[in-house]
Amino acid sequence: MPLEAGLLEILACPACHAPLKEQDTELICTAQDCALAYPVRDGIPVLLVDEARRPA
Ligand SMILES: [Zn+2]
């Protein structure tokens, strides 16, 4: 389910405040030294560091 248009532009990584990019069912932090992946559940981004997937 795609995110609402314009939503990505106003969202930021809660850990480092970098912009996010949508990738599959996740929002990925664009900061290379952070790069946390946040899940999107039922079209709602879960921007919680505790819920984020750490980069491999
Ligand atoms: Zn980040």
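Every chain is numbered on its own, with residues counted from 1 as its sequence reads. Per-residue local features are limited, in this predicted model, to residues with pLDDT of at least 70; the limit for side-chain atom pairs, both in listing and counting, is 80 or more; totals at the level of whole chains, interfaces and linings are taken over all residues. To obtain the side-chain values, all non-hydrogen atoms of the structure were included, while hydrogens and water were left out.

## Regarding the overall build of the protein chain
Next, step 1: Each helix is a run of DSSP H or I of at least 4 residues and each strand a run of E of at least 2, with the numbering of both proceeding from the N terminus. Of regular secondary structure, the protein chain possesses one helix and four strands.
Next, step 2: If you list the helices and strands of the protein chain from N to C, you get α-β-β-β-β.
Next, step 3: As a reference, a globule follows 2.2 Å times the number of residues to the power 0.38, and the radius of gyration itself is taken over C-alpha atoms. Scaling as 2.2 N^0.38, a compact globule of 56 residues should have a C-alpha radius of gyration of about 10 Å, and the protein chain matches this with 10 Å.
Next, step 4: Expressed as lengths along the three principal axes of its C-alpha atoms, the size of the protein chain is roughly 25 × 20 × 15 Å.
Next, step 5: Burial status follows relative accessibility: with a 1.4 Å probe on protein chains alone, a residue under 20% of its type maximum counts as buried, one over 50% as exposed, and anything between as partly exposed. Expressed as a percentage of the 56 residues in the protein chain, the buried residues total 36%.
Next, step 6: This count recognises Lys and Arg as positive and Asp and Glu as negative, with His and chain-terminal groups excluded. For charged residues, the charge sits on one atom: NZ in Lys, CZ in Arg, CG in Asp, CD in Glu. Of the side-chain charges in the protein chain, 4 are positive and 9 negative, and the distance between the mean point of each set is 7 Å.

## Observations regarding the nonpolar core
Next, step 1: Put simply, a nonpolar core is a bunch of buried Ala, Val, Leu, Ile, Met, Phe, Trp, Tyr and Cys residues held in one set by side-chain atoms that sit within 4.5 Å of each other. Of all hydrophobic cores here, the largest spans 13 residues; its most connected members are Cys13, Leu20, Leu27, Cys29, Cys34 and Tyr38.
Next, step 2: The set of elements that each furnish at least two residues to this core consists of β2 (26–29) and β3 (37–41).
Next, step 3: Throughout, a contact is declared for two residues whenever any of their heavy atoms are within 4.5 Å. Among all residues touching Tyr38, those that are not within four sequence positions of it are Cys13, Pro14, Ala15, Leu20, Thr25, Glu26, Leu27, Val46, Leu47, Leu48, Val49 and Ala52.

## What to know about the coordination of the zinc ion
Next, step 1: For the zinc ion, the protein coordination sphere consists of Cys13 (SG), Cys16 (SG), Cys29 (SG) and Cys34 (SG), at 2.2 to 2.4 Å.
Next, step 2: Note on donors: an N, O or S atom is included if it sits within 2.8 Å of the metal, or within 3.2 Å for Na, K and Ca, and water is never included, so sites can look incomplete. Key to geometry: four donors with every angle between 85 and 135 degrees are tetrahedral; four donors are square planar and six octahedral where opposite donors lie over 155 degrees apart and all remaining angles lie between 65 and 115; all other sites are irregular. The site at the zinc ion holds four donor atoms, and with the angles between them running 97 to 115°, its shape is tetrahedral.
Next, step 3: When the donor residues of the zinc ion are listed from N- to C-terminus, their spacing reads C-x2-C-x12-C-x4-C.

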